[in-house]
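# Breakdown of the fold
One letter stands for each residue in the lines below.
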Amino acid sequence: GGGMSRVLTGGKVFEKAGVNLSVVYGSMPQEALQAATERGVDRAKGMAPGERVPFFACGLSSVMHPKNPFCPTMHFNYRYFETDGGV
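Residues numbered from 1 in each chain as written. Predicted model: local features only at pLDDT ≥ 70, side-chain atom pairs only at ≥ 80, totals over all residues. Heavy atoms only, no water.

## Considering the packing of aromatic side chains
The criterion, for reference: Centres within 6.5 Å are what make two rings of Phe, Tyr or Trp a pair, Trp counting through its six-membered ring; a difference in plane orientation under 30 degrees is then read as stacked, over 60 as edge-to-face, and the rest as tilted. Secondary structure elements follow DSSP: runs of H or I no shorter than four residues count as helices, runs of E no shorter than two count as strands, and numbering proceeds from the N terminus.
Counting across every chain of the model gives 3 aromatic pairs. Consider the rings of Phe 55 and Phe 81, whose centres lie 5.5 Å apart with planes at 25 degrees: the pair is stacked. Of the two residues, Phe 55 sits in strand β3 (residues 53-66) while Phe 81 sits in strand β4 (residues 74-83), which places them 26 residues apart along the sequence. One aromatic cluster is present, built from ring pairs that chain together Tyr 25, Phe 56 and Tyr 80.

## Quick look at the nonpolar core
Which entries qualify depends on this criterion: Throughout, nonpolar core names a set of buried Ala, Val, Leu, Ile, Met, Phe, Trp, Tyr and Cys residues whose side chains join them through atoms within 4.5 Å. Partly exposed residues are those whose accessible area sits between 20% and 50% of the maximum for their type, while under 20% is buried and over 50% is exposed, using a 1.4 Å probe and protein chains only. Whether two residues are in contact is decided by their heavy atoms, any of which lying within 4.5 Å being enough.
Counting 6 residues, the largest nonpolar core is built from Met 28, Leu 33, Ala 44, Val 53, Phe 55 and Ala 57. A per-element tally of this core places β3 first, with 3 residues. What Ala 57 contacts, discounting residues up to four positions off in sequence, is Ser 22, Val 23, Val 24, Tyr 80 and Phe 81.

## Some remarks on the side chain of Ser 62
Just so we agree on the cut-off: Pairing of N or O atoms within 3.5 Å defines a polar contact, subject to two protein rules: one partner must be a possible hydrogen donor and the other a possible acceptor, and residues neighboring in sequence count only if both atoms are side-chain atoms.
Within the secondary structure layout, Ser 62 lies in strand β3. Residue classification places Ser 62 among the buried residues on the basis of a relative accessible area of 4%. Here the side chain of Ser 62 touches Gly 18 through a polar contact of 3.3 Å, landing on its backbone oxygen. When sequence neighbours within four positions are dropped, the list of residues in contact with Ser 62 reads Gly 18, Val 19, Met 74, His 75 and Phe 76.

Structural data, given as structure tokens:
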């Protein structure tokens, strides 16, 4: 996995702005998938017992501070998690 960050300073509209992106690949035990899944849904269906579940996860975060004191600061986070069996 890994990530990157970028920062803007001294712009005409934004005094300061930043964005961070993280991307991670890996595998987890079927028990972890079961604990993170809604009740009654078997996302490990068709997998052999003890087989690890491949996953992909990413996150995007941004903060923007405008120069205009009457404009609000903006902040957001977006997170995404997926296994080979679907989201």
